[in-house]
Amino acid sequence: MTKTRVIAALIMAPVAIAAILLLPTQWLAASAAAVFLIGLWEWLKLAQVEDTLARTVLLVLNLVLMVLIVWADAGTLVLYQIATLAGIGWWLLALLWLRFFTFGAEPGSHARTLKLLAGSLAIVPAWAALVLIHASSDNGHLWLLTALAIVWAADSGAYFAGRTFGRTKLAPRISPNKTWEGLVGGLLAGLLVALVFGWMAGATSDHLLGLVVTTVVAVFASVLGDLYESLIKRHAGAKDSGHIIPGHGGVLDRIDGVLAALPVFALGKEIFGF
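Definitions and cut-offs
- Residues numbered from 1 in each chain as written.
- Predicted model: local features only at pLDDT ≥ 70, side-chain atom pairs only at ≥ 80, totals over all residues.
- Heavy atoms only, no water.
- UniProt positions renumbered as here; feature names shortened; annotations may be inferred.
- Helix = DSSP H or I, 4+ residues; strand = E, 2+ residues; numbered from the N terminus.
- Buried < 20%, exposed > 50% of the residue type's maximum accessible area, 1.4 Å probe, protein only.
- 1 Å grid on protein atoms, 1.4 Å probe; cavity = no way out; pocket = protein on both sides within 12 Å on 5 of 7 lines; lining within 4 Å.
- Points joined across faces, edges and corners; volume = space filled by probe spheres on them.
- Nonpolar A, V, L, I, M, F, W, Y, C, P; charged D, E, K, R; others polar.
- Axes fitted to C-alpha atoms, helices over the stretch in contact; angles between N-to-C directions.
- Parallel < 35°, antiparallel > 145°, perpendicular 65-115°, else oblique.
- Left-handed = near helix turned anticlockwise from the far one by under 90°.
- Contact = heavy atoms within 4.5 Å.
- Expected span 1.5 Å × (residues − 1).
- Core = buried A, V, L, I, M, F, W, Y, C linked by side-chain atoms within 4.5 Å.
- Phe/Tyr/Trp six-rings, centres within 6.5 Å; stacked < 30°, edge-to-face > 60°.
- Lys NZ or Arg CZ within 6 Å of the ring centre and 35° of its normal.

Within an unreviewed UniProt entry, the label attached to the protein reads Phosphatidate cytidylyltransferase, and the organism entered is Stenotrophomonas oahuensis. The Sequence similarities (unreviewed entry) field of the UniProt record for the protein holds the comment "Belongs to the CDS family." Its UniProt record gives the protein a comment under Subcellular location (unreviewed entry), which states: "Cell membrane".

Given below as structure tokens:
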């Protein structure tokens, strides 16, 4: 399975990097929307929306919301900033939800409605943050690559550090394989990548503290996104969100950390000015 994961990653990574570096923002926004909406489709299934027509309608509503943001914003990026802040607010609530992880576990309309709302509050703000970072400056494409590379590195670092050194469970009732040692390994990997890619994106010594702070919070946010997806998978009795990517499960399984980390990175970039 590890070999399959690596091969799939070696195929996906160059495609993603090429899109980030070569596509203009509007085309990247469209491509990212397609990927994120596939993730939302899987999210809706985990939220127990079994009817295909109902899932399609909900997916289209989220697509319409994205289109309205593009149309109404008219290049000011204000609506993207508002959506990004809404996403951060949602992930703070998700942190509380993890504390009471049995909330929403029982099938029912109220739990399903909250999970459906959570899907929109995770997907649309993350997409908005992606566009915001990419369009923020002449080096926006490099900063977006930095943000995503941090999450990728943290995920890989946590995986290998956890397998090698993992002893202390991080959240055993939600995700038994995650450990504090893995979290530390992921954090160190994320920081290393942030320094290298941040330098490539044009960060100076004046930006160093802000970049480090943003990276630390973004890595913790990526873990939060991963844990929340694990929570709803446990509620749904599912191991993976889907089977579209060999060795990786579904699209949502690959972007869960990104969904939470991108709004944090976008906000940190605005606050610290790197």
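S.K.: For this particular structure, what's the right way to read the overall build of the protein?
M.R.: Across its full length, the protein holds nine helices and two strands. Put simply, the protein runs from its N terminus to its C terminus through helices and strands in the order α-α-α-α-α-α-β-β-α-α-α. C-alpha extents for the protein along the principal axes are approximately 50 × 50 × 35 Å. Taken across its 274 residues, the protein has 48% of its residues classed as buried.

S.K.: Teacher, can you tell me more about the layout of surface pockets here?
M.R.: A water-sized probe rolled over the atoms picks out the places where empty space is left. Taken as a whole, the second largest pocket encloses approximately 280 Å³ of empty space. Broken down by secondary-structure element, the contributors of at least two residues to the lining of the second largest pocket are helix H4 (78–99), strand E1 (169–171), helix H7 (180–201) and helix H8 (208–236). Counting residues per element, the lining of the second largest pocket draws most heavily on H8, which supplies four residues. Of the residues in the lining of the second largest pocket, the class split is 13 nonpolar, no polar and two charged.

S.K.: Just checking my understanding: could you explain the packing of H4 against helix H9 (residues 251–272) for this structure?
M.R.: Packed helix pairs are characterised by how far apart their axes lie and by the angle those axes make with each other. Orientation of H4 relative to H9, taken along the N-to-C sense of each, is 125 degrees, at an axis distance of 9 Å. Between H4 and H9, the angle is such that the two are oblique. Viewed along their axes, H4 and H9 form a crossing whose handedness is left-handed. Facing H4, whose interface residues are Gln81, Thr84, Leu85, Ile88 and Trp91, H9 presents Leu259, Ala260, Pro263, Val264, Ala266, Leu267 and Glu270. A breakdown of the residues in the contact of H4 with H9 according to their chemical character gives nine nonpolar, two polar and one charged.

S.K.: Can you walk me through unusual backbone geometry in this structure?
M.R.: Where the residue is not glycine, phi is negative for most of them; where a peptide bond is considered, it is trans in most cases. The backbone phi angle of Ala74 is positive, close to 55 degrees, even though this residue is not glycine. Within the secondary structure layout, Ala74 lies in the loop between helix H3 (52–73) and H4. You can call Ala74 exposed: its relative accessible area is 62%. A positive phi angle, near 70 degrees, is found at Leu77, a position not held by glycine. Within the element layout of this structure, Leu77 appears in the loop between H3 and H4.

S.K.: Looking at this structure, I do not really get H8. What am I missing?
M.R.: One turn of the α-helix equals 3.6 residues, which is why residues spaced by three or four share an orientation. The terminal C-alpha atoms of H8 lie 42 Å apart, and with 29 residues this matches the ideal 42 Å at 1.5 Å per residue to within 8%. Among the residues trailing H8, Gly237 stands out with phi positive, at a value near 70 degrees.

S.K.: Would you explain the nonpolar core in this entry?
M.R.: Across soluble globular proteins, nonpolar side chains have a tendency to be buried as a group. With 79 residues, the main nonpolar core has Phe36, Trp43, Trp91, Trp127, Tyr228, Leu259 and Leu262 as its most contacted residues. Among the elements that make up this core, the one with the highest residue count is helix H5 (residues 109–135) (12 residues). Those residues in contact with Phe36, other than ones at most four positions away along the chain, are Ile123, Ala126, Trp127, Leu130, Ile255, Val258, Leu259 and Leu262.

S.K.: Is there a simple way to explain the packing of aromatic side chains in this structure?
M.R.: In this description, an aromatic ring pair is defined by two values, namely the gap between the centres and the angle between the planes. Taken as a whole, this structure holds 12 aromatic pairs when the rule is applied. Here Trp91 and Tyr228 contribute two aromatic rings whose centre-to-centre distance is 6.2 Å and whose plane-to-plane angle is 85 degrees, an arrangement assigned as edge-to-face. Of this pair, Trp91 sits in helix H4 while Tyr228 sits in helix H8, and the two are 137 residues apart along the sequence. Note that Arg99 overlies the ring of Phe100, its terminal NZ or CZ placed 5.2 Å from the centroid.

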